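Structural overview for review
Listed here are the chains, written in short residue letters.
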Amino acid sequence: MTSTQAHPAPVKSQGTEHAADDGFSHKLARVADTVETFLVERLGPEVGPGEIARPPRLMEAMRHAVLGGGKRLRPFLAVETARMLGGAEAAALAAGAGVELVHCYSLVHDDMPAMDDDDMRRGKPTVHKAYDEATAILVGDALQTLAFEIVADPTWQPDASIRADLVLGLARASGLGGMVGGQLLDLTAEGRFGPVSLDVDDTLRMQAMKTGAILAFSVEAGAMVGGATTDERAALLRYGLALGQAFQIADDILDREASPEAMGKATGKDKDAGKATLVDRLGLDGARAECDRLVGVCEEAVSRWGDRAQTLREAARFTVARKA
């Protein structure tokens, strides 16, 4: 990483909220550019250590799934949390890139006909539409395993105990008790396996697994790299869990209100599919109020770090104010 990539410009002290928003957007974009460069390098045609060959069609489809889109919020959270704590940015970037690859794999599989059956993602055809279903399955598999390869690689994180914690944390956040289990609960809520009715607590549990676990781990990964104490990690976990809830609720609101052009994918499908959302349970006004409450939880959780946590506070506000 160059110094330009590693140190996004700080938010300038100006008198308008718009100026602060611009500052945060600039930080987010700078980290996203750094992440993009890292992922381009990992998804090149060159055979890596221990590999026999990289099939061109697989690599092309993996690049289609990963590159040129997305806000890269998950690696941003890892990088900014580690930066706040004084951790190594290269290690945080690699850990965050691993989380991003898991996220991208989940989108590839989630878009497939057996799941949400979407034709567009990030303004371009989904992988199974651009290629085929078999290739899309393999792309998801390959992205998941590449994610763990990156996180476990001592090139970026020389401390074996931290690498082990990162691998364990990512596995738990993305697996049966996290993202994958949450996806199954989401399908269950649609009535795929028989009639079911989820209350608010059931919906929150499903969303905490499906979306929140990976977002929370992004923050935890930065805390691990940054050498956070047990108390600090607990506070950052509170932040991450609240942020994950707020992100999913904001996403549900956008699915109702945003245009397909703004979102880069079809909207309004969640309601048609009968998915369980807090918008259904609380109404739009109630959902917005819950988002505001969760931002308050985020801000309280990082209050001990004072001005050093400004970017994490802005990330919480951005999560609920975003338009896509």
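Structure shown above.
This report concerns the structure included in the present document. (Residues numbered from 1 in each chain as written. Predicted model: local features only at pLDDT ≥ 70, side-chain atom pairs only at ≥ 80, totals over all residues. Heavy atoms only, no water.)

**Considering the overall build of the protein chain**
Within the protein chain one finds 15 helices and 2 strands. Scored against the burial criterion, the 324 residues of the protein chain give a buried share of 51%. Restricting the contact set of the protein chain to residue pairs at least 6 apart, pairs at least 24 apart contribute 72%. Counting every atom, the protein chain has about 14,300 Å² of accessible surface; 55% of that belongs to carbon and sulfur. (Helix = DSSP H or I, 4+ residues; strand = E, 2+ residues; numbered from the N terminus. Buried < 20%, exposed > 50% of the residue type's maximum accessible area, 1.4 Å probe, protein only. Contact = heavy atoms within 4.5 Å. Areas by Shrake-Rupley, 256 points an atom, 1.4 Å probe, with all protein chains shown as cover.)

**So, the nonpolar core**
In this structure, Val66, Leu77, Leu143, Leu166, Leu236 and Tyr239 are the most contacted members of the largest nonpolar core, which totals 82 residues. The greatest single-element share of this core, amounting to 12 residues, is contributed by helix H5 (residues 89-110). Those residues in contact with Leu143, other than ones at most four positions away along the chain, are Met62, Ala65, Val66, Leu101, Cys104 and Tyr105. (Core = buried A, V, L, I, M, F, W, Y, C linked by side-chain atoms within 4.5 Å.)

**So, the environment of Val31**
Along the polypeptide, Val31 turns up in helix H2 (residues 17-42). With a relative accessible area of 3%, Val31 lands in the buried category.

**Re the packing of aromatic side chains**
A complete count under the given rule lists 3 aromatic pairs for this structure. With centroids separated by 5.4 Å and ring planes inclined at 85°, the aromatic side chains of Phe24 and Phe76 adopt a geometry described as edge-to-face. Residue Phe24 is found in helix H2, and its partner Phe76 is found in helix H4 (residues 73-85); the two are separated by 52 residues along the sequence. Summarising the burial analysis for this pair, Phe24 and Phe76 share the class buried. Among the aromatic side chains, those forming a connected cluster through ring pairs are Phe24, Phe76 and Phe318. Over the ring of Phe38 we find Arg42, and its NZ or CZ is 4.4 Å from the ring centre. Over the aromatic face of Trp305 sits the side chain of Arg304, whose NZ or CZ is 5.5 Å from the ring centroid. (Phe/Tyr/Trp six-rings, centres within 6.5 Å; stacked < 30°, edge-to-face > 60°. Lys NZ or Arg CZ within 6 Å of the ring centre and 35° of its normal.)

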